[in-house]
Amino acid sequence: MKIVRESLADQVYKSVKDEILNGNLKFGDKISEDSLAIQFGVSRTPIREALRMLSEYGLIELSPRSHASIAFISDEDARDIADLRIDLELFALDHIKESVFLKMLPEISRYAADCQYASSVGDRAKSFEQDSLFHLAIVKSTGNKALINAYEKLDAKIQMLRVEQNLPEGRLNDYLMQHLKLIELLKNGRIDDAKTLTADHIKHESGRAFQEK
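Draft legend 1. Quick look at the nonpolar core. Within the largest apolar cluster, 39 residues are counted, with the highest numbers of intra-cluster contacts made by V16, I20, I47, L51, L54, L59 and I60. Contributing elements (two or more residues each) for this core: helix 1 (8–21), helix 2 (33–40), helix 3 (44–57), strand 3 (67–70), helix 4 (75–94), helix 6 (124–140), helix 7 (145–165) and helix 8 (169–187). Excluding its chain neighbours within four sequence positions, the residues that come into contact with I20 are L25, L59, I60, I70, M160 and V163. The next biggest cluster of nonpolar side chains, apart from the first, holds 19 residues, and it includes L90, F134, L197 and I202.

Written out as structure tokens, the structure is:
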């Protein structure tokens, strides 16, 4: 068995990403290269690489003066992101390939279960990550590479909205339970019902995006 070791940059990337997705770092918070280098006991080279990766993923914005800040999402941006996410996921549900979906069903079901487990033990970063993988797997069931690529590029912003909304545990668990219902609807070919559930799921999950203007 081949053992793959994470690079220092990968370790820093994962640690900072978890801090952001757990809500410990907020919109606009600054992160300095020097502070991270001291915190992790490494040189600034892996720190810069980790920050570059976080910037490419969309979680931070880089500054030329040796610091980064957690990406900010305005109310208008939030509405646009939620609207686009609904459009992409409803399009995906209309174009799911049954053979691909059935092949991916064990993976989709595992993401749903892992998402709920992570939430139950208080690991929101892991829960959000598994939630994203769940929805992405359904999108992948279309086999549409352009759609998959577009959804992947939106993923970081979706996760940031989840963090900013900071749902109470009870409500969060209710939304995560909807994954199981969605799986059952898709297994039974009830696409219209799956689309209705998906739209409601996203609207409630992205609450700030659907407040009155």
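Draft legend 2. The packing of helix 5 (residues 98–120) against helix 6, seen in detail. At a minimum axis distance of 8 Å, the contact between helix 5 and helix 6 shows a crossing angle of 165 degrees. As judged from the angle between their axes, helix 5 and helix 6 are roughly antiparallel. In this structure, helix 5 crosses over helix 6, and the sense of that crossing is left-handed. Residues V100, M104, I108, Y111, A112, D114, C115, A118 and S119 of helix 5 form the contact with helix 6, whose participating residues are K126, S127, Q130, D131, L133, F134, A137, I138 and K140. Split into classes, the residues belonging to the contact of helix 5 with helix 6 amount to 11 nonpolar, three polar and four charged.

Draft legend 3. Main features of helix 8. Here helix 8 contains 19 residues, and its C-alpha end-to-end distance of 28 Å stays within 8% of the 27 Å for a straight helix at 1.5 Å per residue. Downstream of helix 8 by a residue or two, G189 has a phi angle that is positive, lying close to 70 degrees.

Draft legend 4. Fine view of the sheet that holds strand 2 (residues 60–62). Pairing is antiparallel across the open sheet formed by three strands, whose spatial order is 1-3-2. Looking at which strands have only one partner, the edges of the open sheet turn out to be strand 1 (30–32) and strand 2. Here the strands of the sheet are splayed against their neighbours by 30 degrees on average, with no regard to which way each runs. Two strands pair when backbone bridges link them, and strand 1 and strand 3 are joined in this way by three bridges, in the antiparallel orientation. Each bridged residue has a counterpart across the sheet, and for S32 the counterpart in strand 3 is H67.

Draft legend 5. Representation of the pattern of salt bridges in the model. With the rule as written, the count across this model stands at 11 salt bridges. The salt bridge partner of K195 is D94, with a shortest N-O separation of 2.9 Å. Taken together, the residues span a long stretch of sequence, with K195 in helix 9 (residues 191–205) and D94 in helix 4 at a distance of 101 residues. We note a salt bridge from D193 to R190, for which the minimum N-O separation is 2.9 Å. Here the salt bridges share partners, and the residues they tie into one network are E33, D34, R44 and R48.

Draft legend 6. Region of the structure containing the side chain of S119. For S119, the position within the fold is in helix 5. When its relative accessible area of 5% is taken as the criterion, S119 is described as buried. In this structure the side chain of S119 is engaged in a polar contact, spanning 2.8 Å, whose partner is the side chain of N173.

Rules used in this analysis
Residue numbering note: each chain is counted from 1, following its sequence as written. The model is predicted, so local features are restricted to residues of pLDDT at least 70 and side-chain atom pairs to those at 80 or more, both for listing and for counting; the totals for chains, interfaces and linings are taken over all residues. Note that water and hydrogens are dropped before the side-chain values are worked out from all heavy atoms of the structure. Nonpolar cores were defined as sets of buried Ala, Val, Leu, Ile, Met, Phe, Trp, Tyr and Cys residues, with membership established by side-chain atoms within 4.5 Å. When accessible area is computed with a 1.4 Å probe and restricted to protein chains, residues below 20% of their type maximum are described as buried, those above 50% as exposed, and intermediate ones as partly exposed. Here a helix means four or more residues in a row that DSSP labels H or I, a strand means two or more in a row labelled E, and each is numbered from the N terminus. In what follows, residue pairs with any heavy atoms lying within 4.5 Å of each other are defined as contacts. The angle between two axes is taken between their N-to-C directions and runs from 0 to 180 degrees, where each axis is a line fitted to C-alpha atoms and a helix contributes only its stretch in contact. Any angle from 65 to 115 degrees is called roughly perpendicular, while one under 35 is roughly parallel, one over 145 is roughly antiparallel, and all others are oblique. Note on convention: the crossing is left-handed when the near helix lies turned anticlockwise from the far helix by less than a right angle, right-handed when the turn is clockwise. When residue character is reported, Ala, Val, Leu, Ile, Met, Phe, Trp, Tyr, Cys and Pro are called nonpolar, Asp, Glu, Lys and Arg charged, and the others, Gly included, polar. Helix span, expected: 1.5 Å multiplied by one less than the number of residues in the helix. Here, a strand pair is defined by DSSP locating no fewer than two bridges between the strands. The term salt bridge refers to a pairing of a side-chain nitrogen on Lys or Arg with a carboxyl oxygen on Asp or Glu at a separation within 4 Å. Any pair of nitrogen or oxygen atoms within 3.5 Å is treated as a polar contact; in protein, a donor-acceptor pairing is required on top of that, and neighbouring residues in sequence qualify only through side-chain atoms on both sides.

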